[in-house]
Amino acid sequence: MAEILFINPNIVFPVNAVISGRALPVRNIEKVVNLGLLSIASHLDTKGVSLKIIDLVGCEDDEEKIRQVIKEEQPKFIGISCISCYAYPKLEEYAGLIKDIDDNIFVMAGGQHVLGIPNAAMQDIPSLDCVIRGEGEFVTYDIIKRVNEGGSLSGISSIIYRENGKVFDNTETFAQVPDLDDLAFLRYDLYPDFQEYVPHVEESRNCSFSCNFCTAAFVEGGIRHKSVPRFIEEVNYIKSLYGDRKEKLKFFFACSNFGLKKKRIEELIQLFKEKEVNVAWRTQTRVDTPVVHYLDQLADVGLSVLDLGLESASINTLKLMNKTKNGERYIDKARDFIKKAGAVEGLLLKVNLVWFAGETPDTSRVRTRFMLDHTEYSEGLSVGPVMV
């Protein structure tokens, strides 16, 4: 029996679409752990809350799976993650299904997509009892406690909720956010079939920039890091959960921008060597970070794939995106970063691009020309349009 059931929903892609360079059949079977759900679940586990996670990505009989798990676990709460617009149709579908099964189940939603549209989500989906805007570890536990005590949710920040037939909005004030060093290590053993997934672990949370295409613009407080010793300790803990392997375990170090400070990069390199953290890892960064000066050293301690957020090579588009204040300098740094990364043995570089509102044939040609001129230095390209 689980007091709360967490659902990572199936994804609904446009028919015959190629999303971020991968065809639909590939995207449907990709195994990507829902880091937000796992972090909330890991925190609740330390509080003694019984829970279960189900991951329905690629599941053809997802509705039947939900019916079966609700029958077996009889949860009082269900939390549905919505980290993408492609998950939003399933959020609506699942919430309605859950209420049809048992109208007394408290249904809440959170994730990157709904944090920007909490009011719209509550209007679109009358089966939702609550939407959490922002980080969910503390807020989810507060909701569970308050509902179990029979009290109102009126004093809980960062939520919009339905009570006695009315909708109340507390999203104007943000709830207290956790010190990342104080959070529980990610309990991958709580995630279904976790060994089928590449382990993700947060290096930092949120972002110090305000790019107009990113949900970070909706989150207050800027970037927060785990201390490097705490981060490495968690990596080693997760590595122990996966057990002995013939090959290096591959990690994704989750962050908006890795390596913003030279001192932190140097500390990480030093401790990776001292603690003998023998893993391969992937992360992402911007073209204007000091990472460019440490590429060889980072590769020596396991960096094997780097996602580089170029976004555009058009000065006009970069300005529209609010990506940088100095477009020419940014593009010069991009050229330097891409060439240096391409020269590092054993390091694969993937460049990320975003087509943004206000693009013209000229801005598209500039971006395409830039990439063609630098094709020899990168192994991959991710192109993501912003949809309106």
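Our subject is the structure that appears above.
No experiment lies behind these values; they were computed from the predicted model shown.

Here we look at the overall build of the chain
Now for step 1: Counting secondary structure elements, the chain contains 13 helices and 17 strands.
Now for step 2: Expected size for 388 residues packed as a compact globule is a radius of gyration near 21 Å; at 22 Å, the chain falls within 12% of this value.
Now for step 3: Dimensions of the chain, computed from the C-alpha atoms along their principal axes, are close to 60 × 50 × 40 Å.
Now for step 4: When the 388 residues of the chain are sorted by exposure, 49% land in the buried category.
Now for step 5: Once local pairs closer than 6 in sequence are excluded, the contacts in the chain between residues at least 24 apart make up 72%.
Now for step 6: Surface exposure of the chain reaches about 18,500 Å², of which carbon and sulfur atoms provide 48%.

Digging into the nonpolar core
Now for step 1: Of all hydrophobic cores here, the largest spans 78 residues; its most connected members are Ile143, Phe272, Trp281 and Leu298.
Now for step 2: Residues contacting Ile143, with those up to four places away along its chain left out, are Phe77, Phe106, Met108, Cys130, Ile132, Leu153, Ile156 and Ile159.
Now for step 3: Ala87, Leu97, Val107 and Leu128 belong to the second-largest nonpolar core, a separate cluster that totals 28 residues.

Section: helix α8 (residues 228–242)
Now for step 1: In this model α8 runs 22 Å from its N-terminal to its C-terminal C-alpha over 15 residues, within 8% of the 21 Å that 1.5 Å per residue would give.
Now for step 2: Taken together, the buried positions of α8 are Val228, Arg230, Phe231, Ile232, Glu234, Val235, Ile238 and Tyr242.
Now for step 3: Considering only its buried residues, α8 is in contact with β10 (200–202), β13 (250–254) and α9 (262–274).
Now for step 4: Gly243, located one to two residues past α8, shows a positive phi value of around 75°.

What about empty space enclosed by the protein?
Now for step 1: Following the criterion strictly, the structure yields 1 cavity of 30 Å³ or more and no others.
Now for step 2: The calculated volume of the largest cavity comes to roughly 50 Å³.
Now for step 3: In terms of lining residues, the largest cavity is bounded by Ser39, Leu183, Ala184, Leu186, Glu202, Arg205, Lys226, Arg230 and Glu234.
Now for step 4: For the lining of the largest cavity, the per-class residue count stands at 3 nonpolar, 1 polar and 5 charged.

Focus on the side chain of Arg205
Now for step 1: Considering the arrangement of structural elements, one finds Arg205 in strand β11 (residues 204–205).
Now for step 2: For Arg205, a relative accessible area of 8% translates into the label buried.
Now for step 3: A distance of 3.0 Å separates a polar atom in the side chain of Arg205 from a polar atom in the side chain of Glu137.
Now for step 4: In this structure, Arg205 is in contact with Ser39, Glu135, Glu137, Pro178, Leu180, Leu183, Gly222, Ile223 and Arg224, ignoring residues within four places of it in sequence.

Points about helix α7 (residues 137–148)
Now for step 1: Between its first and last C-alpha atoms α7 spans 17 Å; for 12 residues at 1.5 Å apiece the expected length is 16 Å, and the two agree.
Now for step 2: For α7, every residue scored as buried is listed here: Glu137, Val139, Thr140, Ile143 and Ile144.
Now for step 3: Where α7 ends, the next residue or the one after it, Gly150, has phi of about 80°, a positive value.

A short note on the packing of α8 against α9
Packed helices, taken two at a time, are described by the angle their axes make and the gap between the axes.
Now for step 1: Following both chains from N to C, one finds α8 and α9 inclined at 40°, their axes separated by 10 Å at the closest point. With respect to α9, the axis of α8 lies oblique. Judged by the twist between their axes, the crossing of α8 over α9 is right-handed. When α8 is examined against α9, the residues Val228, Pro229, Phe231 and Ile232 are found in contact with a partner set consisting of Arg264, Glu267, Leu268, Leu271 and Phe272.
Now for step 2: Its residues assigned to classes, the contact of α8 with α9 shows 7 nonpolar, no polar and 2 charged.

The rules behind these values
Here, residues in each chain are numbered from 1, in the same order as that chain's written sequence. The predicted nature of this model means local features are confined to residues of pLDDT at least 70 and side-chain atom pairs, given and counted, to a pLDDT of 80 or more, with totals for whole chains, interfaces and linings taken over all residues. As a rule here, side-chain values come from all non-hydrogen atoms in the structure, and water together with hydrogens is ignored. Note on conventions: DSSP H or I runs of at least 4 residues are helices, E runs of at least 2 residues are strands, and numbering of each starts at the N terminus. Here the globule rule reads 2.2 Å times residues to the power 0.38, and the radius of gyration is calculated from C-alpha atoms. Residue exposure (1.4 Å probe, protein chains only): buried if accessible area is under 20% of the type maximum, exposed if over 50%, otherwise partly exposed. A contact between two residues is defined here by any heavy atoms of the two lying within 4.5 Å. Note on areas: these come from Shrake-Rupley sampling with a 1.4 Å probe, and a residue is covered only by the protein chains present in the view. In this text, buried Ala, Val, Leu, Ile, Met, Phe, Trp, Tyr and Cys residues form a nonpolar core when linked through side-chain atoms within 4.5 Å. Expected helix span is computed as 1.5 Å times (number of residues minus one). Note on definitions: the grid is 1 Å and covers protein atoms alone; a cavity is a set of points where a 1.4 Å probe fits but cannot get out; a pocket is an open set with protein on both sides within 12 Å along at least five of seven lines; lining residues have an atom within 4 Å of a point. Grid points are joined across faces, edges and corners, and a volume is the space filled by probe spheres set on the points. Asp, Glu, Lys and Arg are counted as charged, while Ala, Val, Leu, Ile, Met, Phe, Trp, Tyr, Cys and Pro are counted as nonpolar; the rest, among them Gly, fall into the polar class. Pairs of N or O atoms within 3.5 Å make up the polar contacts considered here, provided that, within protein, one atom can donate a hydrogen while the other can accept it, and that residues adjacent in sequence are counted only when both atoms are side-chain atoms. Axis definition: a line fitted to C-alpha atoms, limited for helices to the stretch in contact. Angles are taken between N-to-C directions and run from 0 to 180 degrees. Any angle between 65 and 115 degrees counts as roughly perpendicular, while under 35 counts as roughly parallel, over 145 as roughly antiparallel, and the rest as oblique. Should the near helix be turned anticlockwise from the far one by less than a right angle, the crossing is left-handed, and should it be turned clockwise, the crossing is right-handed.

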